[in-house]
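Notes for the structure review
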There are 2 protein chains.
Amino acid sequence: MAQKAQVLYDFTAEPGNNELTVKEGETITITNPNIGGGWIEAQNSRGEIGLVPEDYIELNKSFPSFPAAAPAAPAPSVGNVAAPDLSFFDAYAPASTPAQNQASNGNDPWSVWNADPSGGSSNNWASNPEGTQTGKSAAPDPWASVSHGHPQAYQGPGADDDEWDDEWDDVKSTGGYAESETGEGGAMQRGGAHATSMKIALNKFPGFSKSGPELYLLCKQLAKGKDRLPIYMGEVGPVWFYPETQLDCVVADPKKGSKMYGLKSYIEYQITPNTTNRPVNHRYKHFDWLYERLLDKFGSAIPIPSLPDKQVTGRFEEEFIKMRMERLQGWMTRMCRHPVVSNSEVFQLFLSYKDEKDWKTGKRKAEKDETVGVMIFSTIEPEASDLDPVEVEQKCEQFSRFTKAMDDGVKEILTVGHEHWKRCTGPLPKEYQRIGKAFQNLSSVFTSSGYQGESTLTDALTAAGKTYEEIAQLVAEQPRKDLHFLMETNNEYKGLLGCFPDTIGVHKAAIDKVKEGDKLVATSKITPQEKVTMAKRLSTMSYALQAEMNHFHSNRIYDYNRVMQLYLEEQVKFYETIAEKLRQAHSQFTTM
Amino acid sequence: MAQKAQVLYDFTAEPGNNELTVKEGETITITNPNIGGGWIEAQNSRGEIGLVPEDYIELNKSFPSFPAAAPAAPAPSVGNVAAPDLSFFDAYAPASTPAQNQASNGNDPWSVWNADPSGGSSNNWASNPEGTQTGKSAAPDPWASVSHGHPQAYQGPGADDDEWDDEWDDVKSTGGYAESETGEGGAMQRGGAHATSMKIALNKFPGFSKSGPELYLLCKQLAKGKDRLPIYMGEVGPVWFYPETQLDCVVADPKKGSKMYGLKSYIEYQITPNTTNRPVNHRYKHFDWLYERLLDKFGSAIPIPSLPDKQVTGRFEEEFIKMRMERLQGWMTRMCRHPVVSNSEVFQLFLSYKDEKDWKTGKRKAEKDETVGVMIFSTIEPEASDLDPVEVEQKCEQFSRFTKAMDDGVKEILTVGHEHWKRCTGPLPKEYQRIGKAFQNLSSVFTSSGYQGESTLTDALTAAGKTYEEIAQLVAEQPRKDLHFLMETNNEYKGLLGCFPDTIGVHKAAIDKVKEGDKLVATSKITPQEKVTMAKRLSTMSYALQAEMNHFHSNRIYDYNRVMQLYLEEQVKFYETIAEKLRQAHSQFTTM
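Per an unreviewed UniProt entry, chain A carries the name Sorting nexin and comes from Sphaeramia orbicularis. UniProt, in the comment section headed Subcellular location (unreviewed entry), describes chain A in these words: "Cytoplasmic vesicle membrane". According to UniProt, the comment filed for chain A under the heading Sequence similarities (unreviewed entry) is "Belongs to the sorting nexin family."

Some points on the pairing of strand β6 (residues 229-234) of chain B
All names here are of chain B. One ladder, built from 3 bridges, connects β6 with strand β11 (residues 380-382); its direction is parallel. Bridge assignment links isoleucine 231 to a residue of β11, and that residue is proline 382. Linkage of β6 to strand β7 (residues 237-240), two consecutive antiparallel strands, is achieved through a turn of 2 residues.

Observations concerning the nonpolar core
Residues Met332 and Met406 of chain A together with Met332 and Met406 of chain B are the most contacted members of the largest nonpolar core, which totals 238 residues. If we skip the residues at most four places from it in the chain, methionine 406 of chain B touches Leu442, Val445 and Phe446 of chain A together with Tyr493, Leu497, Phe552, Arg556 and Tyr560 of chain B.

As for a negative patch on the surface
Where like charges cluster on the molecular surface, the negative patch consists of Asp10, Glu24 and Glu58 of chain A together with Asp10, Glu24 and Glu58 of chain B. Checked against the element boundaries, glutamate 24 of chain A lands in the loop between β1 (3-7) and β2 (27-36).

Looking at the packing of helix α11 (residues 317-337) of chain B against helix α18 (residues 483-515) of chain B
All names here are of chain B. Their axes nearest at 12 Å, the elements α11 and α18 cross at an angle of 55 degrees. Considering the angle they form, α11 stands oblique to α18. In the packing of α11 onto α18, the handedness of the crossing is right-handed. Contacts between α11 and α18 involve Met323, Glu326, Arg327, Gly330 and Arg334 from the first element and His484, Glu488, Glu492, Tyr493 and Leu496 from the second.

Quick notes on the relation of the copies chain B and chain A
With an RMSD of 0.2 Å, the fit of chain B onto chain A corresponds to turning through 179 degrees and sliding 0.1 Å along the axis. The symmetry that links the two subunits is that of a two-fold axis. When each C-alpha of chain B is compared by its distance to the rotation axis, tyrosine 575 of chain B comes out closest, at 2.7 Å. The fraction of interface residues of chain B whose copies in chain A are also interface residues reaches 100%, indicating that both copies meet through the same surface.

Side note on the side chain of asparagine 44 of chain A
Residues and elements named next belong to chain A. Tracing the backbone through its elements, the reader meets asparagine 44 in the loop between β3 (39-43) and β4 (49-53). Look at asparagine 44 and you get buried, because its relative accessible area is 4%. Among the polar contacts made by the side chain of asparagine 44, one reaches the main-chain amide nitrogen of arginine 46 at a distance of 2.9 Å. Residues within four places of asparagine 44 in sequence aside, it is in contact with Leu20, Glu26 and Ile28.

Examining unusual backbone geometry
Residues and elements named next belong to chain A. One non-glycine residue, aspartate 253, lies in positive phi territory at about 50 degrees. Within the element layout of this structure, aspartate 253 appears in strand β8 (residues 249-259). Take aspartate 253: its relative accessible area is 35%, and that puts it in the partly exposed class. Of note in this structure, asparagine 277 is not a glycine but carries a positive phi near 60 degrees. By secondary structure assignment, the location of asparagine 277 is in the loop between β9 (264-273) and β10 (280-283). Under the relative-accessibility criterion, asparagine 277 is labelled exposed at 59%.

A short note on the sheet that holds strand β10 (residues 280-283) of chain B
Residues and elements named next belong to chain B. Spatial strand order, β8-β9-β10: 3 strands in an open sheet with antiparallel pairing. A strand with exactly one partner marks an edge of an open sheet, and here the two such strands are β8 (249-259) and β10. Ignoring strand direction, the axes of neighbouring strands in this sheet form an average angle of 35 degrees. Sheet topology note: the strand β9 (residues 264-273)/β10 ladder contains 4 bridges and is antiparallel.

A closer look at the confidence of the model for chain A
All names here are of chain A. Summary statistics for chain A give a mean pLDDT of 76 and a share of 70% for residues scoring 70 or more. Segment residues 62-91 is flagged for pLDDT under 50; beyond a separation of four residues in sequence, or across chains, it makes 121 contacts in the model. Reported for the predicted complex are a pTM of 0.71 and an ipTM of 0.71.

Concerning the interface of chain B and chain A
With 71 residues of chain B in contact, the opposing surface of chain A contributes 71 residues. A combined buried area of about 7000 Å² lies between chain B and chain A, and 66% of that area is made up of carbon and sulfur atoms. Per-residue buried area on chain B facing chain A is highest for Arg423, Tyr451 and Tyr575 of chain B; these three make up 10% of the total on that side. Connecting chain B to chain A are 8 salt bridges. A salt bridge links glutamate 419 of chain A to arginine 434 of chain B; its shortest N-O distance comes to 2.7 Å. Remark: the boundary between chain B and chain A carries 28 residue pairs in polar contact (both at pLDDT 80 or more). Of all the elements in the fold, those that place two or more residues in the side of chain B that touches chain A are α15 (389-425), α16 (427-447), α17 (455-481) and α20 (528-587) of chain B. Residue contributions to the side of chain B that touches chain A peak at 24 residues, all from α20 of chain B. For the side of chain B that touches chain A, the residue count by class is 38 nonpolar, 18 polar and 15 charged.

Thoughts on the domain arrangement of chain A
Residues and elements named next belong to chain A. By the assigned domains, chain A splits into domain 1 (3-59) and domain 2 (213-221 + 386-591). The centre of domain 1, based on its C-alpha atoms, is set 29 Å off from the matching centre of domain 2. Carbon and sulfur atoms make up 51% of the area that domain 1 and domain 2 hide from each other, which totals about 680 Å². Linking domain 1 with domain 2 are 0 salt bridges, by the criterion used here. Across the domain 1-domain 2 interface, the total number found is 0 residue pairs in polar contact (both at pLDDT 80 or more). Of the residues belonging to the side of domain 1 that touches domain 2, the class tally is 2 nonpolar, 2 polar and 4 charged.

Quick notes on the environment of valine 416 of chain A
Here valine 416 of chain A lies in helix α15 (residues 389-425). Accessibility expressed as a relative area gives 7% for valine 416 of chain A, which makes it buried. With residues up to four places along the chain from it excluded, the contact list for valine 416 of chain A reads Glu431, Arg434 and Ile435 of chain B.

Some points on the state of the cysteines
Linking two cysteines covalently through their sulfur atoms gives a disulfide. Residues and elements named next belong to chain A. Under the counting rule described, the total for this entry stands at 0 disulfides over all chains. Unpaired in terms of disulfides, cysteine 336 finds its nearest cysteine sulfur in cysteine 249, a separation of 3.9 Å. The buried category is assigned to cysteine 336, whose relative accessible area is 2%.

Here we look at the sheet that holds β6 of chain B
Residue and element names in this part refer to chain B. A sheet is described by the order of its strands in space; here 3 strands give the open sequence β7-β6-β11, paired in mixed fashion. Across the chains shown, the open sheet's two edge strands, defined by having one partner strand only, are β7 and β11. Each neighbouring strand pair of the sheet contributes to a mean axis angle of 35 degrees, computed without reference to strand direction. Looking at chain direction, β6 and β7 are connected through 4 bridges and run antiparallel. Of the residues in β7, the one forming a bridge with methionine 233 is proline 238. Contacts between α20 and the sheet are confined to β6, β7 and β11, with β7 contributing the most and set at about 80 degrees to the helix.

About the cut-offs
- In this convention, every chain numbers its residues from 1, walking through the sequence in written order.
- Just so you know, chain letters begin at A and ligand numbers begin at 1, following the order they were written in.
- Selection of residues for local features in this predicted model requires a pLDDT of at least 70, selection of side-chain atom pairs for listing and counting requires 80 or more, and totals for whole chains, interfaces and linings are taken over all residues.
- Excluding hydrogens and water, the side-chain values take into account all heavy atoms of the structure.
- UniProt positions are given in the numbering used here, feature names are shortened, and annotations may be inferred rather than shown by experiment.
- Should DSSP find at least two bridges between two strands, the strands are taken to pair.
- Numbering of helices and strands runs from the N terminus, with a helix taken as a DSSP run of H or I at least four residues long and a strand as a DSSP run of E at least two residues long.
- As used in this record, nonpolar core signifies buried Ala, Val, Leu, Ile, Met, Phe, Trp, Tyr and Cys residues forming a set joined through side-chain atoms within 4.5 Å.
- Type-normalised accessible area, obtained with a 1.4 Å probe on protein chains alone, sets the label of each residue: buried when under 20%, exposed when over 50%, and partly exposed for intermediate values.
- Note on contacts: a residue pair qualifies if any of its non-hydrogen atoms lie within 4.5 Å across the two residues.
- Candidates for patches are residues over 30% relative accessible area with no salt bridge; among them, like charges are joined within 9 Å and nonpolar side chains (Val, Leu, Ile, Met, Phe, Trp, Tyr) within 5 Å.
- Residue-level accessible areas treat just the shown protein chains as cover; the underlying method is Shrake-Rupley with a 1.4 Å probe.
- When a carboxyl oxygen of Asp or Glu is within 4 Å of a side-chain nitrogen of Lys or Arg, the pair counts as a salt bridge.
- When charges are counted, Lys and Arg contribute as positive and Asp and Glu as negative, whereas His and the chain ends are disregarded.
- Taken as the charge location is NZ of Lys, CZ of Arg, CG of Asp or CD of Glu.
- Axis definition: a line fit to C-alpha positions, over the contact stretch in the case of helices; interaxial angles, taken between N-to-C directions, run 0 to 180 degrees.
- Any angle between 65 and 115 degrees counts as roughly perpendicular, while under 35 counts as roughly parallel, over 145 as roughly antiparallel, and the rest as oblique.
- Here is the rule for handedness: rotate from the far helix to the near one, and if that takes an anticlockwise turn smaller than a right angle the crossing is left-handed, while a clockwise turn gives right-handed.
- Residues reaching a pLDDT of at least 70 in both copies supply the C-alpha atoms on which the copies are superposed by least squares.
- Residues adjacent in sequence count toward polar contacts only when both atoms are side-chain atoms; beyond that, a polar contact is any pair of N or O atoms within 3.5 Å, and within protein one must be able to donate a hydrogen and the other to accept it.
- Each residue carries a pLDDT score, the predictor's own confidence in it, on a scale running from 0 to 100.
- Here the quantity called buried area is the total loss of accessible area, with a 1.4 Å probe, experienced by two parts when brought into contact, counted for both.
- Polar here means any residue outside two lists: the nonpolar Ala, Val, Leu, Ile, Met, Phe, Trp, Tyr, Cys and Pro, and the charged Asp, Glu, Lys and Arg; Gly therefore counts as polar.
- For each domain, the first and last residues come from an automatic or database assignment.
- The disulfide definition used here is simple: a pair of cysteine sulfur atoms within 2.5 Å.

Right, here's the structure in full:
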């Protein structure tokens, strides 16, 4: 689909740069939005094609292939990895992008707190599963549960992303998901499995079918002795059990595989955990399968950020693959850092299955797991004594205020960072180039003076001019060296924070239910004993939420210290390099 | 007159900053173009008034009170003087400003070489004095001879500047030039004097009334023995006689004087030459009288740059006076540096008259001086042997090519510098401010987490945020510390270069006349002897032109080395300061 854009102000092409001269108010057609470096390729009404600075134009809102940023991102620990040359026009779309506008009405993860409950339910599978189910069963899109269930991913309209992803997940693919449906427990089956687990989750209590937590609050018996999730009291309050050595893994060595006599090809990544040190291979869709499992199993208690995918766009396939890998690494690193997730059977299976048979068996088992949704709380065992429901509610309110506030703060940084990125790769270097050219032109005029003893000045002027051209290049390249990682980290947190409304929503619902306790007893919907049980289990849920928040906080403090160090370190180098270049240029001028 | 402007893109006012929110495409009315710092004050259709970044808007072309830059400027030697806070929106208008557009058609100093001679004559008093006379007698504007005769000043339509200058030259003046006309040989009389001298210059040779140089080429006898201007052969070729010690002076201590029982007030500056070390007082109009005298006397041989005036605009009277003084200092310094001008009787009178009587007598004498226009060549005595007319023409062509080329180069720097000035004082600091705010906002969100051991990060984040706010301020203030002087020097050269078409025009006319030599003899317009004399005198004119070019070159090489040193020195300091601030911010982050 061709995208039209309005020209905001005049731009005159420099000869020989493949640029296109455009006039303010002119309408042009984007022929390639992914040039990168602050440029897009466009065609004017006369059919001429050329490059135009992307912030000289305004895109017609409703562009499917300009999705806003999605959460998962490489942890700052990959700071030393050079960022691939991608178009961040897509990656770091500001708050005003179509996708986010959409998010802000109805799809806003925070609208779960809206007066109108449907506003929230439409994007919170925990609070309105059936709605989502219907939506899903209607859509053959295997990602539907993701894009609807996790709006923070801000993925554009499903259909477009679908084709897009299709193309990329199975390179040169023609058969869509036919293969995954039949072949190896693929998308549709996953969708099915998900649907099933949810139906189980809700149909037991038709009376409360509009809400999730009762399933746990009122279930007759808790899960069996295996997979206990203890919660200890640490210095900072309730904390998960953290293993001695932290799990970690390396995602590397993407290989193009093919099947059906080469008719269909795909990318396979090699994942090596620090535990076994034995690499296993996975395709992107296996990562997605893992994501679905983790979401089903832990989503009510632990924010599971969406996988990186649709927002990743590269000029070339290699770049796309490199960027996706970098972000898959970031996602895996975060999952490894989580004591509960990293220790789970399904995650361990993904990282260290022995052979194809082992993998297949493990997959089927994981898909049959019934300790999903709110039932995860049935495995949690706090060591501390029960909390009073009032205290629970206060904690919950505090967490929701904080996560909402941080979400705003993170989005502000992303918006400002995006604008800064565009200026640094667009008009600013162009200006330094023009300054450099102006000095060099004057120098060559002086050379033509025919006056003696001119050369010292003309050489110095030329050198000064070249220096400003070098500065132009430094300015244009800098964002990839520092801003990139600041943006990636904040994108990752935007994704994480987008999960909290779901998690907190479950708690709010549970709190409300416990509040209705007496009424429910009076109308004999529940027994007095069940009312006591509900309060006790709400306390357990609260310990889980607090442990999760404490995990979030400690990671947040580490991540932001890390990324700010990296950012400022690179910024210092940047300004020092420029100062040094200018010092050299200065030394060439002499006043006799 | 109210100026309309188009809003180029959306700008959202920051509360409490007296800013005005505007939408792209909206039309606003400029209520004050001279706010400075990249801002203008405007009113929207709803009558709201506030500040808008000047490069967010596009001015409706044909704005009288946005004149482009004029020549005179402080030499870089005043680099240590802090630049006053002026609106450089006026001072450094780019090539595309109305004034210069106007200049480029008809008023272009270079159009003297146009195929259409009238194009040239309209702005070159030497080649079409009568035209100018008529123009002048029609216009009561005392500056007419300046603004028409010296288009490089690019002063907007006379009428507006007139009122404007009127207001400024005589503060709270009501009577326009009534006083100066009667009082003390003021504007109109000067205009008269000028007209007279020109009439003398031309009516003697009705046959050649369209051109000037014949007056000298064919005059019966050269001026008497006094005021000889010898030309020596130096290493670089023909050179003026340079005095042992260079004349210099300090323009300082502007005082408001008043007359007519305080009804009329004016500014008086104190000028102290290094020769007598005795200060003399002069009003702006005395400087202008001196300019007129120098122009009449030396204009055919030596480029006499216009005085700084109409292009100087300040937000406050003090600023205006300070800026005008700085530029008068620059103009005087340049005149003092010129061996011929500084040594002239009229210039010495201006600098060192003993008393009012001495001044009045000297003025009358100077106004009666008949060695003006092309007759200045009659005082020039080259020591070297006569040049062949072919060589003369080659030299002349070379100079005109060079001065034209340098004029283009200088204007390019002014245009680019102006754009850079606007970016550095407009959008760029705003962006660094937003980055700083974003960090600080995130910091205050973190503070609200209620998590332990948060403070190190939040303090560091706040410090980083404040650092970017400081950087914003550094960026906005930097142009006054370096770009200002680069712009001033180039403005000064733009003015000087604008004088060359007049000077070179006289030579071209003389060359043509000598070429017609045989024809003139044949048609007995001149005698064979006069033909020989013409060739000899053409050689003298050429020596004068070469001496002047060599003077120009040596000054140019000094000035550009000087200003580039100053510019790069400040730029280095600027980037080092930022690097140091960021290094401090970096040191506050810690990854445990």
